[in-house]
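Working through the structure, step by step
Here are the chains, one letter per residue:
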Amino acid sequence: MLDIECFTYLNRALESALAPIVIFATNRGLCSIRGTDMVSPHGLPVDLLDRLVIIRTLPYTPQEMVQILALRAQVESIGIDEESLAFLGEVGDRTSLRHGVQLLTPSMMLARTNGRDEISRGDLDEVDSLFHDAKFSARLLAEQADKYIS
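Model, not experiment: these values are computed from the prediction.

Overview of the UniProt feature "domain: RuvB-like AAA-lid" (unreviewed entry) in the protein chain
- Within this numbering scheme, the UniProt entry marks residues 68-133 as carrying the feature "domain: RuvB-like AAA-lid" (unreviewed entry).
- Regarding residues 68-133, the helix share stands at 71% and the strand share at 6%, and the terminal C-alpha atoms are separated by 18 Å.

Description of helix α1 (residues 4-14)
- Where α1 is concerned, the buried positions are F7, L10 and N11. Buried residues of α1, viewed axially, fall in a sector of 100°; they line one side. Of the exposed residues in α1, those oriented more than 90 degrees away from the buried face are E5, Y9 and R12.

Remarks on unusual backbone geometry
- A positive phi is found at H42, a non-glycine position, where the angle reads about 65°.
- Following the sequence through the fold, H42 ends up in the loop between β2 (39-41) and α2 (46-49).
- Looking at H42, the relative accessible area reads 26%, which means it is partly exposed.
- Unusually for a residue other than glycine, S77 sits at a positive phi of about 55°.
- Mapped onto the fold, S77 is located in the loop between α3 (62-75) and β3 (79-80).

What counts and what doesn't
- Residues numbered from 1 in each chain as written.
- Predicted model: local features only at pLDDT ≥ 70, side-chain atom pairs only at ≥ 80, totals over all residues.
- Heavy atoms only, no water.
- UniProt positions renumbered as here; feature names shortened; annotations may be inferred.
- Helix = DSSP H or I, 4+ residues; strand = E, 2+ residues; numbered from the N terminus.
- Buried < 20%, exposed > 50% of the residue type's maximum accessible area, 1.4 Å probe, protein only.
- Arc of directions from axis to C-beta.

This is the structure:
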């Protein structure tokens, strides 16, 4: 959420001979530019917007998540069967890919504690019940706001 002064500085920096590469990430539509009354796409001044290349990104599909999780498990030398990998892809689709990746290590620790070298579906079920993703935690805090000091 940059304001008009920041955009002015960036415009000036982009005009120098040693112009840096600047990457913006946003999911905002038409909105006002902070510090002004102007409405613009993505909340960016039009003169800066004219200089940008906009690349639209899409969320991962469950199949892509399974491929990413399999690669991550391979890199970390974590054994996991196909059924467990598919379930972890479902967890990533329901929550986030980051949460799915973060469940790999505790699941492996649980499997090793139980004397196995490969993650099973039961390990993932147990770890999924113990650890919550950010959206679930935020919803839980909002529902139980009266139980916390504000």
